[in-house]
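# Examining the three-dimensional arrangement
Chain by chain, the residues:
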Amino acid sequence: MKKKRHSIDRREMVKQLGLGSASLALFPFTSSLNFSDPKKLGVALVGLGNYATRQLGPALRHTQFCELKGIVTGTPEKKPKWQKEYGIEDRHCYNYETFDQLANDPAIDIVYIVLPNFMHAEYTIRALKAGKHVICEKPMGMNAQECKDMISAARKANKKLQIGYRLFYEPHHLKLMETSQQAFEGRIKLIEASLAFDMARPGLWRIDKKMGGGGALMDLGIYTIQAARRAAGSNPVSVFAQAYIDDPELYKGIYGTYVYQLRFADNTVCNSTVSFSAYSDRLHVSRGNEYLELQPAFAANQISGLDTWNGEKETLEHAEFQQTVQMDAFAKNILEDTPVIASGEEGLIDMQIIDAIKKSIDSKKSVVIDYS
Ligand code: NAD
């Protein structure tokens, strides 16, 4: 049977990362991105929580094609701190009431939505309507329908949309994908992808069903799903899932631990566990006695190298912040009008799989994934 290829084209990816064709074999990170006219696109961060503060702001200090120009925050005390730290002018500072006025701010080209999951679709669509390109954090929306609405809004506005999938641009992940497709000729049999952090606390929006949409499945499951799809080079056809409530007082209407098995058309299987009450961070891909493994695999800026069956750990040159490469790739997509790798369409597929996982948990049956 002919395998359905993943929608990401590897050559396109290498081109977008500014790497030469010799890099196709190795995918090293190099800073060979070079423009004679270094016009930097202006980025506005929306939601100045943990991720914006610890990762995106610092990463934007290193970007070549975009820069932090604006902020949107509902917490007035955060404004002066960010202004001082990043030299942001008053006229580029917004709150949630003035958000739509971004439409009149030509210094902002890209609006980066870093809000809780339930706000992603609304603010992405509003930013697109304001005539801005948008990066939206993962998971793209609360369900597949929201993702479809976001994609339509981007098309209607004729603006680009990227999902904050930093690992789509990370050299060890690219090498793993390359090897599993080239050296393994796509004939892998087993994928194990798990991610778990002990982070559930009372009041955390991530464990609120209405705000987070499904705890660790939405927050961490998205990584295991995209890694499985990219390693397999195709999309799974069905899923069987189970979920457990570790602490009924803490998890109301959602689960603490999710276990699921994705089955691909060629019977490749991916086993995954995601949880908010344990630790795991691992991607393992194998065929016969050969394997590729990343551990840690998913946590931001912690990947230490790629392990293989030869017993050698290979560490590739990489940027200090994965997000620098992700945001620069998007800025280049805009400047050169090229397709986005971590596109809304990629985010939609992941949400269609998550919707199927939820259905499988509820029905206690294997579910065929609906990609319509
Ligand atoms: P956070 O709770 O630290 O920050 C959320 C921000 O949203 C806060 O500044 C908060 O004030 C603001 N906010 C505005 N309206 C709100 C409301 N009604 N309720 C709650 N908060 C509101 O969360 P975070 O860890 O920064 O995550 C934000 C987004 O970034 C999430 O979608 C998350 O999945 C994503 N994220 C991505 C990565 C990654 O590696 N790509 C890592 C961490 C978080």
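Anyway, here's the lowdown on the structure attached to this text. (Residues numbered from 1 in each chain as written. Predicted model: local features only at pLDDT ≥ 70, side-chain atom pairs only at ≥ 80, totals over all residues. Heavy atoms only, no water.)

## Some thoughts on the sheet that holds strand β14 (residues 313-314)
Here nine strands make up an open sheet; going across it, the order is β14-β13-β12-β11-β7-β10-β9-β8-β15 and the pairing mixed. Edge strands, defined here as strands with exactly one partner in the open sheet, are β14 and β15 (367-368). Here strand β12 (residues 290-294) pairs with strand β13 (residues 306-308) via three bridges, running antiparallel. Across the sheet, leucine 294 pairs through a bridge with leucine 306, a residue of β13. Contacts between helix α10 (residues 344-363) and the sheet are confined to β8 (238-244), β9 (257-263) and β15, with β8 contributing the most and set at about 60 degrees to the helix. (Pairing = 2+ DSSP bridges. Helix = DSSP H or I, 4+ residues; strand = E, 2+ residues; numbered from the N terminus. Contact = heavy atoms within 4.5 Å. Axes fitted to C-alpha atoms, helices over the stretch in contact; angles between N-to-C directions.)

## Notes on the site of the ligand
Asn50, Lys138, Arg166, Trp205 and Arg206 are the nearest of the 21 residues found near the ligand. With respect to the ligand, the backbone of leucine 115 contributes an N or O atom lying 3.1 Å from an oxygen atom. Out of a free accessible area of 840 Å², the ligand has 78% covered by protein chains. Under a 2 Å grid-point criterion requiring more than half of the atoms, the pocket assigned to the ligand is the largest pocket. Secondary structure elements with two or more residues in the shell around the ligand: α2 (50-60) and α8 (215-232). Classifying every residue of the shell around the ligand by side-chain character gives ten nonpolar, five polar and six charged. (Near = heavy atom within 4 Å. Polar contact = N/O pair within 3.5 Å; in protein donor to acceptor, adjacent residues only side chain to side chain. Areas by Shrake-Rupley, 256 points an atom, 1.4 Å probe, with all protein chains shown as cover. 1 Å grid on protein atoms, 1.4 Å probe; cavity = no way out; pocket = protein on both sides within 12 Å on 5 of 7 lines; lining within 4 Å. Sits in = over half its atoms within 2 Å of the grid points. Nonpolar A, V, L, I, M, F, W, Y, C, P; charged D, E, K, R; others polar.)

## Observations concerning empty space enclosed by the protein
Within the structure shown, the criterion is met by three cavities of 30 Å³ or more. Roughly 50 Å³ of volume is contained in the second largest cavity. What lines the second largest cavity is His173, Leu176, Met177, Ala227, Arg230, Ala231 and Leu283. For the lining of the second largest cavity, the secondary-structure elements that each account for two or more residues are α6 (171-181) and α8. Looking at side-chain class alone, the lining of the second largest cavity contains five nonpolar, one polar and one charged residues. (Points joined across faces, edges and corners; volume = space filled by probe spheres on them.)

## Considering the nonpolar core
Counting 113 residues, the largest nonpolar core has Leu45, Ile191, Tyr260 and Leu283 as its most contacted members. Ranked by the residues each element gives to this core, the list is headed by α8, at eleven residues. Looking at this core, you find at least three residues from each of domain 1 (35-166) and domain 2 (172-316 + 344-368). Setting aside residues no more than four positions away along its own chain, leucine 283 makes contact with His173, Leu176, Ile191, Glu192, Ala193, Ala227, Leu292, Glu293, Leu294, Ala297 and Phe298. (Core = buried A, V, L, I, M, F, W, Y, C linked by side-chain atoms within 4.5 Å. Buried < 20%, exposed > 50% of the residue type's maximum accessible area, 1.4 Å probe, protein only. Domains from an automatic or database assignment.)

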